[in-house]
Structure formats: structure tokens, C-alpha cells
Amino acid sequence: MTNARTGAGLASTATRAILRRLPLAATLIGLGLAVWLVATNDTTAIGAAFARIGPLGLAAIVLVRMVILLLCGLGWACLLDRIAAVPQAAFVILRFVREGINTLLPVASVGGDIVGGRLLTFWGAAGTFAAASILVDLLIQSGALVAFAVVGVVLLHQVPGEEATLLAQWASHALIAMTIVLAAFFAFQRAGALRRLTNLVGDLGRRFTRDGGGADTETKPGAPAQAGDVQDALDRVWAAGRRRPLLWSTVLHVAAWFLGAVEIWIALVCLGVEGAGLADAIVIEALTQAIKAMAFPVPSGLGIQEGGFVLVGGLFGLDAGTALALSLVKRVPDVVLGLPALMVWQSLEARRGTVI
């Protein structure tokens, strides 16, 4: 039994070490891909295309991104409406923080969401409801992306050419796979799987404790909330009587995704791309965001986003340099809004334990 425990402990330590290093490794790989894409194309053309956007164009894109994050924050707030007494402003602020962490730090694209859920407790929200709200928010946000991507694929079918047809077919298969994953995630939340998983782990832990000659432990008052409590919180968020706030959250997230296409449209207009319309922008935004979402372990989709723009942009006559400039433009709001968000995060951490 001792050898078994030692082996299990070593395996667990190795797994944790790998998981800790995975985001950094993914960052380096993505950064390498991004550098390769830029280096193998005309950097002068990329810079010239980026410069054509101009300060006003970039300011407009940043403003649109602010509205997007505002809608996402309000959509998150809907999930705890009349459940937790947290002001909507807190959700909006923390939505900016979540985005800043996800886009600027070497963490997987859900790292900021985990931090955001913890920070929500600074406003007095119970940890279980904060965790439940993040799980449901991620599910609704991803479901809204699938709906947005479906619209993009439908519009892509109208684009002539064999490449567009092949990409539409590939995207359709990818969306089917994403839908299956999201359905499984929804079932996990609604079927009480989290509670059963917690009970199973607890039973195994108690069994090993007894085998080792130790006494069973009891839950002490004031102990941290268990995952079973998170399942209770999920049941409360998903309750049948809360269909209206869930619907509003979905609508706000769908609107946010479509506003992302406005960023693309503004950039295309500033670039002087002839015949660039909102439908083209929806296709580009929908497919690149879907590609980026599928590569969520890569922080901020480094390299993945750039490759997606080159792939999809070519269908609309964009050369690689212009497509890469378009991707760089999309990263401007990441930095402009992300850096202040990180400062807010550090300020909140410094005031940890203070109810705001």
C-alpha cells in the first residue's frame, strides 16, 4: 500500500508539473508561429496596412471592444440576478479583468475566468455561486459563439470558389464537434455529475484513509465549500423559474459576438478594401473566433489567430500582409484595455478581504 501511495504521489506531482508548464509551452509555440507568419511575409506591407487604419480607426475599434465587454459583463450579471447581491458594475469590471488576464498573460484562455470568479467573492458573493456563474457564463458564451459561427458558415456558402466550399465543409464539421462538446458540458452541469464525482472522490479518499489506519475525517464548521455545494449553486442558476435572465444573458452574448464583426468591418473600411461589407466581416470574425476557441490552451490564440486571418482573409482577396495587419489590429484593444484591467486586478488583490 505504501508503494502504491508513493507511485500515485509521484504521478500526481508529475501531472501537476506538466499542467503548470503547459500554458508557457503553448505560449512559446504560438509566439513562434506568429513570428514565423510575420517573418515569411512582407513586413513592410504589414506595417503599411496597419498604418492605413489610422488613430481614429483604432480608437473606434477600441470603443467597440469596450461595448462588447460591457455586454458580456451584463450577461454574466444576469446569471446571479436575485441570487447574489452583487452590483452589475462589479461584473462589468471583472469582465474586463477576465479578458485582460486571458489576452495578456501566459495562461490558458480560461485562466482569467477562474480569477474573475474568485474576485467576485470580494463583493460578497458566495464562492459556490461565483464558481457556478463562471461555469454557466462560459457555457452560454461558447454556445453564443457556435450560433454566431453558424451564421458565418451560412454566409460562407454564398462565397464562390472551391476553397470557400472546402472551408465551409470543414467549419460545419468543426461546429458539429463543438456542439457535442457543449451539450456534454451542459449535461455535466444539469445532471448532477459534479456532485456524483465529488462523492466518488470523497469515498475513495475515506477508503484510503481507513486502509492506512487513519480515522475518518468530518467536515468542520467554516470549512471551504465542496464541489457538491457548487452543484447546488448550478441547480439554482439553472432553475426553471430563471429562464428570463438566462435568455437575456444569451442574447447579450450573441450581440457581443456580432459586434466583434463590426471591429473587422471598421478595419476593412479603413484599409480601403473594395466591396467590403458587413457579411464579409461576419464570416471572417466568426471563423477566426471559432478557430481561436478550438485552440483555447494557447494563450490569447497566439499564432492561431494570425493563421486564421490569413486562411479566411484569402477568400475575400486579402493578401497575407493585409490579413496579418488585420489580426494585429484586433490585438490593439487587447493591450489598450488589458493593461488597465491588470492594474485593477492587482489593486483588488492588494485590498483582498475588503468588501467593496
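Procedures and definitions
The residue count restarts for each chain, going from 1 along the sequence in the order it is written. Selection of residues for local features in this predicted model requires a pLDDT of at least 70, selection of side-chain atom pairs for listing and counting requires 80 or more, and totals for whole chains, interfaces and linings are taken over all residues. Heavy atoms throughout the structure, all of them, feed into the side-chain values; hydrogens and water do not. Strands here are runs of E lasting at least two residues and helices are runs of H or I lasting at least four, both read from the DSSP assignment and numbered beginning at the N terminus. It only takes one pair of heavy atoms within 4.5 Å for two residues to be counted as in contact. Geometry is summarised by axes, namely lines fitted to C-alpha atoms with helices restricted to the contacting stretch, and by angles between N-to-C directions that run from 0 to 180 degrees. The cut-offs work like this: below 35 degrees is roughly parallel, past 145 is roughly antiparallel, 65 to 115 is roughly perpendicular, and the gaps in between are oblique. Put simply, a crossing is left-handed when the front helix is turned counterclockwise from the back one by less than a right angle, and right-handed when it is turned clockwise. When residues are sorted by character, Ala, Val, Leu, Ile, Met, Phe, Trp, Tyr, Cys and Pro go into the nonpolar class, Asp, Glu, Lys and Arg into the charged class, and all the rest, Gly among them, into the polar class. As a per-residue measure, pLDDT tells how confident the predictor is, with possible values from 0 to 100. By definition, no residue in a patch forms a salt bridge, and every one has over 30% relative accessible area; like charges are joined within 9 Å, nonpolar side chains (Val, Leu, Ile, Met, Phe, Trp, Tyr) within 5 Å. Computed with the Shrake-Rupley method and a 1.4 Å probe, the accessible areas treat only the protein chains shown as cover for residues. Note on definitions: salt bridges are taken to be side-chain nitrogens of Lys or Arg within 4 Å of carboxyl oxygens of Asp or Glu. Here the term buried applies to any residue with accessible area under 20% of the maximum for its type, exposed to any over 50%, and partly exposed to those in between, with areas from a 1.4 Å probe on protein chains only. Pairs of N or O atoms are called polar contacts if they sit within 3.5 Å, as long as, within protein, a hydrogen donor faces a hydrogen acceptor (for residues adjacent in sequence, only side-chain-to-side-chain pairs).

**Student:** Teacher, can you tell me more about the environment of A290 here?
**Tutor:** With respect to the helices and strands, A290 occurs in helix α10 (residues 278–294). Remark: the alpha-carbon pair of A290 and L175, spanning 115 residues in sequence, is separated by 8.3 Å. In this structure, A290 is in contact with L145 and A149, ignoring residues within four places of it in sequence.

**Student:** Help me understand the packing of helix α2 (residues 43–79) against helix α3 (residues 88–104) in this model?
**Tutor:** A pair of packed helices is captured by two measures, namely the crossing angle of their axes and the spacing between those axes. Between α2 and α3, whose axes approach to 8 Å, the crossing angle comes to 125°. Judged on the interaxial angle alone, α3 and α2 are oblique. For the pair α2 and α3, the crossing hand works out as right-handed. Where α2 approaches α3, its residues M66, L69, L70, C72, G73, L74, W76 and A77 are matched on the opposing element by Q88, F91, V92, L94, R95, F96, R98 and E99. Among the residues forming the contact of α2 with α3, the class breakdown is eleven nonpolar, two polar and three charged.

**Student:** What should I look at first to understand the confidence of the model for the chain in this one?
**Tutor:** Summarising the model, the chain shows a mean pLDDT of 82, and 79% of its residues fall at 70 or more. Looking across the chain, the model is least confident in helix α7 (residues 193–211), with a mean pLDDT of 49, and most confident in helix α9 (residues 243–271), with 96. Note that residues 7–11 has pLDDT below 50 and, in this model, zero contacts with residues that lie over four places away or in other chains. Note that pLDDT drops below 50 for residues 200–227; the model gives that stretch 13 contacts with residues more than four away or on any other chain.

**Student:** Would you mind showing me how to read a nonpolar patch on the surface here?
**Tutor:** A cluster of nonpolar residues, V110, I114 and F296, forms a patch on the protein surface that exposes about 280 Å² of accessible area. Here F296 is to be found in the loop between α10 and α11 (304–313). By relative accessible area, which is 43% here, F296 ends up partly exposed.

**Student:** I'm lost on the side chain of D137 in this one. Help?
**Tutor:** Here D137 lies in helix α5 (residues 127–156). Judged by its relative accessible area of 0%, D137 falls in the buried class. A polar atom in the side chain of D137 sits 2.8 Å from the side chain of H253. Excluding residues within four positions of it along the chain, D137 makes contact with G75, W76, L79, R98 and H253.

**Student:** What exactly am I supposed to notice about the pattern of salt bridges here?
**Tutor:** Charged atoms that come close allow side chains of opposite charge to pair. If you walk through the whole model with that rule in mind, you get ten salt bridges. A salt bridge links D137 to R98, with the shortest nitrogen-to-oxygen separation between them at 3.0 Å. Here the residue D137 occupies a position in helix α5, and R98 occupies one in helix α3, the gap between them amounting to 39 residues. Residue classification places R98 among the buried residues on the basis of a relative accessible area of 0%. Taken together, the salt bridges that share partners define one network made up of R65, E263, E285, K330 and D334.

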